[in-house]
Amino acid sequence: MSVRGFIFCCLLAISIAQDETNNKLFPKDFMFGAATASYQVEGAWDEDGKGENIWDHHIHSSPELIANNDTGDVACDSYHKYKEDVAMLKELGVDFYRFSLSWSRILPTGFVNKVNLPGVTYYQNLIKELKDNGIEPLITIYHWDLPQPLQDIGGWPSEFIVEAFAEYARLCFELFGDNVKYWLTFNEPYQICIGGYGLGYNAPGIKLTGLGDYMCAHHILQAHAKAWHIYDQEFRATQQGQVSITIDTMWYEPASDSEEDLVAAERALQFDFGWYANPIYNSDYPEIMKTRIAERSLAEGFKQSRLPAFTDEEIAYISGTFDYMGVNMYTSMLAAAKDEVPIAEPSYFYDLGIDGYQPDDWESASISTSKITPWGIRKFLNWLKETYNNPAIIVTENGIPDNSSVIDDVKRVRFYRDYLSNVRSAIEDGVNVIGYAAWSLMDNFEWGLGYTQKFGLYHVDFDSINRTRTPKTSAAYYKKVAETHCLVDTCEE
Ligand code: BGC
């Protein structure tokens, strides 16, 4: 059956529950999109001059760290099949495609002294194909795949990286910016720093919590700000695009209405999200982080806080470096106060010092323990409005995993309907949400979980050399939503 035939037949089969789903139309100019990231879909890991990145290195040197020893060597083969990807996006009827650039495909050594033309051509072709089909590119400059040579000399915890990233970002604006309206410098700095340099579950796998993660964050914030200023000064006048960063968090709901639990929940939001958002959308790190980390560091015997300090000049330089706000949100957690952790080893989690948990009776995704909490996104969006002075927000990722080859993914349909319903309600609350991207356009390489968890609107057959793509029922539902701006059968204005 053709993609169109499949989508039509499935649409008829979906009964869209009206109960409690917001039945107001999304605003006319609201943008619906779908998202992926370079390492998770491109494959062609060493083709046409691409250099090695930290995920190539991590996986090839320690295959046992990834479920089933899976790799991203081929992934969805989007390097060769990008036209099929764009055809899927066109079929979905989305306004934008969020994808990321592989730094080492453009700059094999990480530095701008050597530009890899086939890599540049690949992205130029992808952007052209999108534009020819009426789809806006929303480009993430960095989604976790640092060139290995830059890690070999220290990676994100080292200061040189700020300038290296800024030069790479400038090159991206120069090469692609005439055709790009929306940029993100980074995807999820929390995951880069906690995952890569704190707990070590992401490449490069360094376990230095309470130290490496804070240093990583310090340079990511400076690198982001520098890239934003470069765009502002050198490109904005001619390219007229918008630059931001995507920050992720769970929603933290106080476990009770006690004052202590309210404080614990707010502290968790400030540690996870405010760590990155406060310097950019307000100014400097959150006070609560500065105070707690300084106190614990001194008690541990350090001579200064493990949280590096920005100078006044740096604080001013970073503050205000956004044109909109990018956020990723998947789930929620209850936050409860707990007794102060005794002074011991440095740890981001001891510094944070809360009890976070997800009750058993919250519904889970069919594969992961991750809980489905649509109400959390509405609360989160309202919190963003209050905490950061009502910025324009794009939800750049939201989605749910399963592990099977189920094409009739009714749970995912329900997930999108319920989360989007809460996004729509947040708009009624006065939150300025201007766009939303489903994670993900297609099943892909899920980092340490390999191919055991699938988030796609499109199924990808990883056993076939063709990496055949097939729309799921959720693709049919999302298409209806993107085209009608309505979550149920009929909507009110
Ligand atoms: C990341 C994606 C990832 C998704 C689902 C986000 O943290 O940006 O790369 O695949 O979550 O786990």
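Heads up: these notes are all about the structure in this document. Predicted model, so just to flag it, every value in this text is computed and none were measured. (Residues numbered from 1 in each chain as written. Predicted model: local features only at pLDDT ≥ 70, side-chain atom pairs only at ≥ 80, totals over all residues. Heavy atoms only, no water.)

This next bit is on the site of the ligand. For the ligand, the full set of nearby residues is Gln40, His143, Trp144, Asn187, Glu188, Tyr330, Glu397, Trp439, Glu446, Trp447 and Phe455. The contact in question runs from an oxygen atom of the ligand to an N or O atom on the side chain of His143, over 2.9 Å. Between the ligand and the protein, one listed contact pairs an oxygen atom with a side-chain N or O atom of Glu188 at 2.5 Å. Notes on the ligand: free accessible area 310 Å², of which the protein chains cover 89%. Given that more than half its atoms are within 2 Å of the pocket grid, the ligand belongs to the largest pocket. When its residues are assigned to classes, the shell around the ligand shows 5 nonpolar, 3 polar and 3 charged. (Near = heavy atom within 4 Å. Polar contact = N/O pair within 3.5 Å; in protein donor to acceptor, adjacent residues only side chain to side chain. Areas by Shrake-Rupley, 256 points an atom, 1.4 Å probe, with all protein chains shown as cover. 1 Å grid on protein atoms, 1.4 Å probe; cavity = no way out; pocket = protein on both sides within 12 Å on 5 of 7 lines; lining within 4 Å. Sits in = over half its atoms within 2 Å of the grid points. Nonpolar A, V, L, I, M, F, W, Y, C, P; charged D, E, K, R; others polar.)

Strands sit in the order β1-β2-β3-β4-β5-β7-β10-β11 around a closed barrel of 8 strands; the barrel is parallel. Within the sheet, the average angular offset between the axes of one strand and its neighbour, ignoring direction, is 25°. One ladder, built from 3 bridges, connects strand β5 (residues 242–248) with strand β7 (residues 325–328); its direction is parallel. Paired with Ile247 across the strands is Val327, a residue of β7. Seen against the sheet, helix α6 (residues 117–132) touches β2 (96–100) and β3 (136–142) and runs at an angle of roughly 170° to β2. (Pairing = 2+ DSSP bridges. Helix = DSSP H or I, 4+ residues; strand = E, 2+ residues; numbered from the N terminus. Axes fitted to C-alpha atoms, helices over the stretch in contact; angles between N-to-C directions. Contact = heavy atoms within 4.5 Å.)

If you look at the biggest cluster of nonpolar residues, it comprises 141 residues, and the most contacted ones within it are Trp156, Phe165, Trp183 and Trp275. It is helix α10 (residues 212–239) that contributes the most residues to this core, 12 residues altogether. Setting aside residues no more than four positions away along its own chain, Phe165 makes contact with Trp103, Ile141, Tyr142, Trp156, Thr185, Phe186, Ala223 and Ala227. Judged by nonpolar contacts, the second largest core, of 14 residues, contains Phe96, Ile394, Ala437 and Phe455. (Core = buried A, V, L, I, M, F, W, Y, C linked by side-chain atoms within 4.5 Å. Buried < 20%, exposed > 50% of the residue type's maximum accessible area, 1.4 Å probe, protein only.)

If you walk through the whole model with that rule in mind, you get 31 salt bridges. The residue Arg236 makes a salt bridge to Asp323 at a minimum N-O spacing of 3.0 Å. Pair noted here: Arg236 is in helix α10 and Asp323 is in the loop between α13 (312–318) and β7, with a separation of 87 residues, a long-range link. Residue Arg296 pairs with Asp351 through a salt bridge whose shortest N-O separation is 3.6 Å. With Arg296 in helix α12 (residues 287–300) and Asp351 in helix α14 (residues 348–352), this pair connects stretches of sequence that are 55 residues apart. In this structure, Arg296 and Asp351 share a single accessibility class: buried. Each member of the salt-bridge network shares a partner with another, and the members are Arg292, Arg296, Glu300, Arg306, Glu340 and Asp351. (Salt bridge = Lys/Arg side-chain N within 4 Å of Asp/Glu carboxyl O.)

The next thing to look at is the layout of surface pockets. One number sums up the size of the largest pocket: a volume of about 1,200 Å³. Lining the largest pocket are 46 residues; nearest its centre among them are Gln191, Tyr201, Asp248, Met250 and Thr331. Among the elements of the structure, α9 (189–198), α14 and β9 (354–357) are those that each provide at least two residues to the lining of the largest pocket. A breakdown of the residues in the lining of the largest pocket according to their chemical character gives 22 nonpolar, 16 polar and 8 charged. Roughly 220 Å³ of internal volume is contained in the second largest pocket. Lining of the second largest pocket is provided by 15 residues; of these, Glu20, Pro374, Arg417, Asp418 and Asn422 occupy positions nearest its centre. Elements that contribute at least two residues to the lining of the second largest pocket include exactly α15 (374–387) and α16 (410–428). Top element by residues in the lining of the second largest pocket is α16. It accounts for 8 residues. The residue inventory of the lining of the second largest pocket, partitioned by class, reads 3 nonpolar, 4 polar and 8 charged. (Points joined across faces, edges and corners; volume = space filled by probe spheres on them.)

Within the secondary structure, Trp156 is located in the loop between α7 (148–152) and α8 (160–176). Put simply, Trp156 and Pro63 are 93 residues apart on the chain and 23 Å apart in space, counted from C-alpha to C-alpha.

For the pair α10 and helix α11 (residues 259–281), interaxial distance at closest approach is 10 Å and the crossing angle is 35°. The two elements α10 and α11 cross, and the hand of that crossing is right-handed. In this structure, α10 contributes Asp213, Tyr214, Ala217, Leu221 and His224 to the contact, and α11 contributes Phe271, Trp275, Tyr276, Pro279 and Ile280. Across the contact of α10 with α11, the residue classes break down as 8 nonpolar, 1 polar and 1 charged. (Left-handed = near helix turned anticlockwise from the far one by under 90°.)

The values reported here are purely geometric and, on their own, carry no functional implication.
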